[in-house]
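Reading the structure
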Amino acid sequence: MANNKTIDQFSNTGITKFAVNKVILDEINDRVISLIQRKKKLLTSKNKISLENFHNSVAVKNLNEIRMYLYAQLNKQDWILDKMFELFNSQIKLILGDELAVQKKVNLSIQLPNDNSSILPMHSDFFSGESIYQLNLWLPLVSVNKTSSMFYFLPKDSIKMINEIKKNSVSDLNIIFKKNYKKIKWLNLKKGEAAVFSPNLLHGNVLNKEKNTRFSLNLRVKNLYSPYNHIYGNEKKLGSFYRPYNLKAMTIFNINNSFSFD
Amino acid sequence: MINNKKKLVGYVTNSNFNEKIIPIPFQNILLRNYCKDNNFTYVLPYNETVFKNSYSQLITLINKLDKDSAIISCSIFMLPENENHVKKVLKLLKYKKTYIYFLYENIFLNSNLDSKKINFERKLAKLNNVFFNDDQFKRYLNILLNKS
Ligand SMILES: [Fe+2]
């Protein structure tokens, strides 16, 4: 039943939310906090670290250093990648299948209240050549609401706006965004919830005007055999941007043995 | 105008420019290194869309620039092909009292003179295809040989 709901919802809207395994989520949470504690020199307060209130413990100028440190440490030996796959396993199976191509590392985003240095303007991931068959896994480590979360547009609205961008080669995306602001959807999630979405939907984030900091992880996944861009020289392809995950014996057999029609 | 900027925002593309393709992570390294060596703060780049002849990200970026920021990019060949579109870019840069610095050619764009220089350089590069390609050369050589 839950499976049909996920499939229907995703097929229609390109996005679906769900509750995650709390034990794994806590494990990630604890790991992030213990890593932050190792960077005491970069913190402004000695109080116990809370991710929601992280803005009280750090200066904006040190934020990127902490983010880069967490990113490197979490991705060591694919620790965080494996956790993400555990958490999103059923959604990935339902939407993409088993044999996958995955972005090389899991991304970490930290949005402090009123920090304009980490705003990600409206875009679709395929604007830079990423596959239109890509699924984005999105896991907040805190509750996110409105401006502390991300925005997106529904498929029909996205297509209309993307056509406008394609039609005018010198269009300003912010003007198009403002013009369509009323159609915006916010991805509101409680702590313990996650989402998967097609990044073809126009999405991004704005200045965080809420009281809490946002910590979130994201990862791009696609089926190994779904189409990649065919733009000459574009790097968003298998081997450069995506790596195989869960390769099946048939694929490995054909990599090892060069049978061909030519 | 050029001296009062503290931050340079990257502008990158994963399409080819003047027959070159540089993966974005490497463009980032080049641009970041320039900023480091010249005491600018490097701001993470806007990535141009892959749509044919689209410069929306560049226009969006210029319109969004803060007072203390300019743009850094690898090459003048990342600018629009269409000269009127370059004029539009220049007009916006002037309005925002800012510039684009192109690392590879070491050229700034913030005046009509710069724009002329850039146009000249780009037309010069096009000559490679018009005059100096092998076929043309061979045809020319044949004419010369037949005459002698
Ligand atoms: Fe995205």
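The shown structure was predicted, so the numbers you read here are calculated from the model rather than taken from an experiment. (Residues numbered from 1 in each chain as written. Chains lettered and ligands numbered in written order. Predicted model: local features only at pLDDT ≥ 70, side-chain atom pairs only at ≥ 80, totals over all residues. Heavy atoms only, no water.)

1. A few points about the overall build of chain A
Scanning chain A from terminus to terminus reveals 7 helices and 10 strands. Its C-alpha radius of gyration of 19 Å places chain A within 12% of the 18 Å reference for a compact globule of 262 residues. Each principal axis of the C-alpha atoms in chain A carries an extent, and together these give about 65 × 45 × 45 Å. Taking all 262 residues of chain A together, the buried fraction comes to 51%. Put simply, 83% of the contacts in chain A that link residues at least 6 apart link residues at least 24 apart. (Helix = DSSP H or I, 4+ residues; strand = E, 2+ residues; numbered from the N terminus. Rg over C-alpha atoms; globule rule 2.2 N^0.38 Å. Buried < 20%, exposed > 50% of the residue type's maximum accessible area, 1.4 Å probe, protein only. Contact = heavy atoms within 4.5 Å.)

2. Describing the overall build of chain B
Helix and strand counts for chain B come out as 5 helices and 5 strands. Along chain B, helices (α) and strands (β) appear in the sequence β-α-β-α-β-α-β-β-α-α when read from the amino end. With the C-alpha coordinates aligned to their principal axes, the bounding extent of chain B is approximately 65 × 30 × 30 Å. Counting the 148 residues in chain B, one finds 43% classified as buried. Sequence-distant contacts in chain B: of pairs separated by 6 or more residues, those separated by 24 or more amount to 67%. Just so you have it, chain B exposes about 8900 Å², and 54% of that area is on carbon and sulfur atoms. Distance from the positive charge centre (23 side chains) to the negative charge centre (12 side chains) of chain B: 7 Å. (Areas by Shrake-Rupley, 256 points an atom, 1.4 Å probe, with all protein chains shown as cover. Lys, Arg positive; Asp, Glu negative; His and termini not counted. Charge placed at Lys NZ, Arg CZ, Asp CG, Glu CD.)

3. Observations concerning the coordination of the iron ion
Distances from the iron ion to its protein donors, namely His123(A) (NE2), Asp125(A) (OD) and His203(A) (NE2), fall within the range 2.2 Å. Donor residues for the iron ion sit on one chain with the sequence pattern H-x1-D-x77-H. (Donors = N, O, S within 2.8 Å, 3.2 Å for Na, K, Ca; no water.)

4. A short note on the sheet that holds strand β3 (residues 69–73) of chain B
Residues and elements named next belong to chain B. Pairing is mixed across the open sheet formed by 5 strands, whose spatial order is β2-β1-β3-β4-β5. Each having just a single partner strand, β2 (41–47) and β5 (107–109) make up the two edges of the open sheet. Between one strand axis and the next, the sheet turns by 25 degrees as a mean value, whatever way the strands run. Bridge count for strand β4 (residues 100–102) against β5 is 3 bridges, and the pairing is antiparallel. (Pairing = 2+ DSSP bridges. Axes fitted to C-alpha atoms, helices over the stretch in contact; angles between N-to-C directions.)

5. Describing the environment of Glu27(A)
Residue and element names in this part refer to chain A. Along the polypeptide, glutamate 27 turns up in helix α2 (residues 22–37). The exposure class of glutamate 27 is partly exposed, given its relative accessible area of 33%. Sequence-wise, glutamate 27 and serine 11 are 16 residues apart; in three dimensions their C-alpha atoms are separated by 32 Å. Setting aside residues no more than four positions away along its own chain, glutamate 27 makes contact with Trp79 and Lys83.

6. Details of the confidence of the model for chain B
Averaged over all residues, the pLDDT of chain B equals 90, while 93% of them reach at least 70. On the interface metric, ipTM, the complex scores 0.76, and its pTM is 0.87. (pLDDT = per-residue confidence, 0-100.)

7. Regarding the interface of chain A and chain B
In this complex, chain A contributes 21 residues to the contact, which on the side of chain B involves 22 residues. A per-residue breakdown of the area chain A buries against chain B is headed by Ser169(A), Val170(A) and Glu235(A), which together make up 32% of the total. At the surface where chain A touches chain B, the tally comes to 0 salt bridges. If you look at where chain A meets chain B, you find 8 residue pairs in polar contact (both at pLDDT 80 or more). Residue assignment for the side of chain A that touches chain B shows that the elements contributing at least two residues are α5 (155–167) and α6 (173–179) of chain A. Ranked by the residues each element gives to the side of chain A that touches chain B, the list is headed by α5(A), at 3 residues. (Buried area = accessible area lost by both parts, 1.4 Å probe. Salt bridge = Lys/Arg side-chain N within 4 Å of Asp/Glu carboxyl O. Polar contact = N/O pair within 3.5 Å; in protein donor to acceptor, adjacent residues only side chain to side chain.)

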